[in-house]
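One-letter residues, chain by chain:
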Amino acid sequence: MKKIVILISGRGSNMQAILEARLPLTVAAVISNDPAAGGLATAQKHGIVTRIVDHRAHRDRAEFDAALGKEIDSFNPDLVVLAGFMRILTDAFVNRYRGRLVNIHPSLLPVFTGLHTHRRALEAGVKVHGCTVHFVTPELDHGPIVIQAAVPVLDGDSEDTLAARVLAEEHRIYPQALRWFCEDRLAITPQGTVTLKAARGTSGALVSPAVEP
Ligand code: GRF
C-alpha cells in the first residue's frame, strides 16, 4: 500500500476530504508549518500522526526546507501531498521530490497562478473558474496537470460564494488524483503533461450503458 505525507498550513479541509475518502493508501503523517493550523486537530481526530515544522524557527527558506525534508523522509512516503500548504518551496526541495510532490491550486491553471485566485477571476470577468491538481515543479503553480474541475462563475458571486463552489470540487478531485496515483495510473510525459493509463482490465472502450463501478 502506498504511503503519503500531507502538508498543511491552515484549516485542512482538503486534507480532511482525503482522510475521509477511504483511499487505498496510508497517511503516514500530517505536517504543518504553523502550530495554529486548525487541520492538526482534525488529523489527530482521525488518528493520524502530526508534526510541526515551524518556518519561524528557521533562518531562511533553505534551512526550513531542509528541516521539512528531514521530517518528511523520516516517514519514507511515496508521495508528498500539499493541501493548502502556504509556503513557497525552494528549487532544491522541489527537485528532491520531483514526480513525488503534488499540489491543489484554486484556479484552472495555467491561469491565475499565485494568490487571490477567486478575486482575480471575478475581476477578470471569466465565466468559468475551477481548480487543478498538479505535480509540483520549481516554477510556482506550473507543473504537469493531473486533473481539473470547472465551475460556473455566476452573476452576483462574491469571492466567498465562488471560493465555496470551487472548494467543493477540490474535495472531489484531490482524492480522485490520489486514487489514480495509488493505482499507478499516472505517468508524466517528457513534454511535461500527465497521461492517465486505463484501469487494469479495461480496454479503454466506451461501454454503453455505463457500467456501475
Ligand atoms: C484551498 O483552496 C487550496 O486550493 C489552496 O488553499 C486552500 C486550502 O484550503 N491551496 P484547506 O486548508 O484545504 O481547507
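**Side note on the overall build of the chain**
Okay, step 1: What the chain contains, in helices and strands, is six helices and nine strands.
Okay, step 2: Considered along the principal axes of its C-alpha atoms, the chain spans approximately 55 × 45 × 40 Å.
Okay, step 3: The 213 residues of the chain split such that 45% are buried.
Okay, step 4: In the chain, the share of contacts with a sequence separation of at least 24, taken over all contacts with a separation of at least 6, comes to 58%.
Okay, step 5: For the chain, the exposed surface amounts to about 11200 Å²; the carbon and sulfur share of it is 53%.
Okay, step 6: Averaging the coordinates of the 23 positive side-chain charges in the chain and doing the same for the 22 negative ones gives two points 5 Å apart.

**Side note on the site of the ligand**
Okay, step 1: Contacts to the ligand come from R11, G12, S13, N14, G84, I104, P106 and E170.
Okay, step 2: Measuring from an oxygen atom of the ligand, one finds a side-chain N or O atom of R11 at 2.5 Å.
Okay, step 3: In the complex, the protein chains occlude 86% of the 360 Å² of accessible area that the ligand would expose alone.
Okay, step 4: Among the detected pockets, the ligand sits in the largest pocket.

**Regarding empty space enclosed by the protein**
Okay, step 1: For the coordinates displayed, the defined rule picks out one cavity of 30 Å³ or more.
Okay, step 2: Size it by volume and the largest cavity reaches roughly 40 Å³.
Okay, step 3: Considering the residues around the largest cavity, the lining is formed by L79, V102, V133, F135, V146, A177, L178, F181 and L186.
Okay, step 4: The set of elements that each furnish at least two residues to the lining of the largest cavity consists of β6 (128–135) and α6 (159–182).
Okay, step 5: Tallying contributions element by element places α6 first for the lining of the largest cavity, with three residues.
Okay, step 6: Here the residues of the lining of the largest cavity are counted per class, giving nine nonpolar, no polar and no charged.

**Thoughts on the state of the cysteines**
Okay, step 1: Enumeration according to the criterion identifies zero disulfides in this entry.
Okay, step 2: C131 takes part in no disulfide bond, and the closest cysteine sulfur, belonging to C182, lies 19 Å away.

**Some details on the sheet that holds β6**
Pairing between the strands of a sheet is mediated by backbone hydrogen bonds and can be parallel or antiparallel.
Okay, step 1: The seven strands are arranged β3-β2-β1-β4-β5-β6-β7 in an open sheet whose pairing can be described as mixed. Each having just a single partner strand, β3 (50–52) and β7 (145–152) make up the two edges of the open sheet. With direction set aside, neighbouring strand axes in the sheet form an average angle of 20°.
Okay, step 2: Looking at chain direction, β6 and β7 are connected through seven bridges and run antiparallel.

**Topic: the pattern of salt bridges**
Okay, step 1: In this structure the tally under the stated criterion is 10 salt bridges.
Okay, step 2: Between D54 and R56 there is a salt bridge, with its nearest N and O atoms 3.1 Å apart.
Okay, step 3: Residue class for R56 comes out exposed when judged on its relative accessible area of 55%.
Okay, step 4: Members of the salt-bridge network, linked through shared partners, are D34, D54 and R56.

About the criteria used
- Residues numbered from 1 in each chain as written.
- Predicted model: local features only at pLDDT ≥ 70, side-chain atom pairs only at ≥ 80, totals over all residues.
- Heavy atoms only, no water.
- Helix = DSSP H or I, 4+ residues; strand = E, 2+ residues; numbered from the N terminus.
- Buried < 20%, exposed > 50% of the residue type's maximum accessible area, 1.4 Å probe, protein only.
- Contact = heavy atoms within 4.5 Å.
- Areas by Shrake-Rupley, 256 points an atom, 1.4 Å probe, with all protein chains shown as cover.
- Lys, Arg positive; Asp, Glu negative; His and termini not counted.
- Charge placed at Lys NZ, Arg CZ, Asp CG, Glu CD.
- Near = heavy atom within 4 Å.
- Polar contact = N/O pair within 3.5 Å; in protein donor to acceptor, adjacent residues only side chain to side chain.
- 1 Å grid on protein atoms, 1.4 Å probe; cavity = no way out; pocket = protein on both sides within 12 Å on 5 of 7 lines; lining within 4 Å.
- Sits in = over half its atoms within 2 Å of the grid points.
- Points joined across faces, edges and corners; volume = space filled by probe spheres on them.
- Nonpolar A, V, L, I, M, F, W, Y, C, P; charged D, E, K, R; others polar.
- Disulfide = S-S within 2.5 Å.
- Pairing = 2+ DSSP bridges.
- Axes fitted to C-alpha atoms, helices over the stretch in contact; angles between N-to-C directions.
- Salt bridge = Lys/Arg side-chain N within 4 Å of Asp/Glu carboxyl O.

Geometry only, nothing functional implied.
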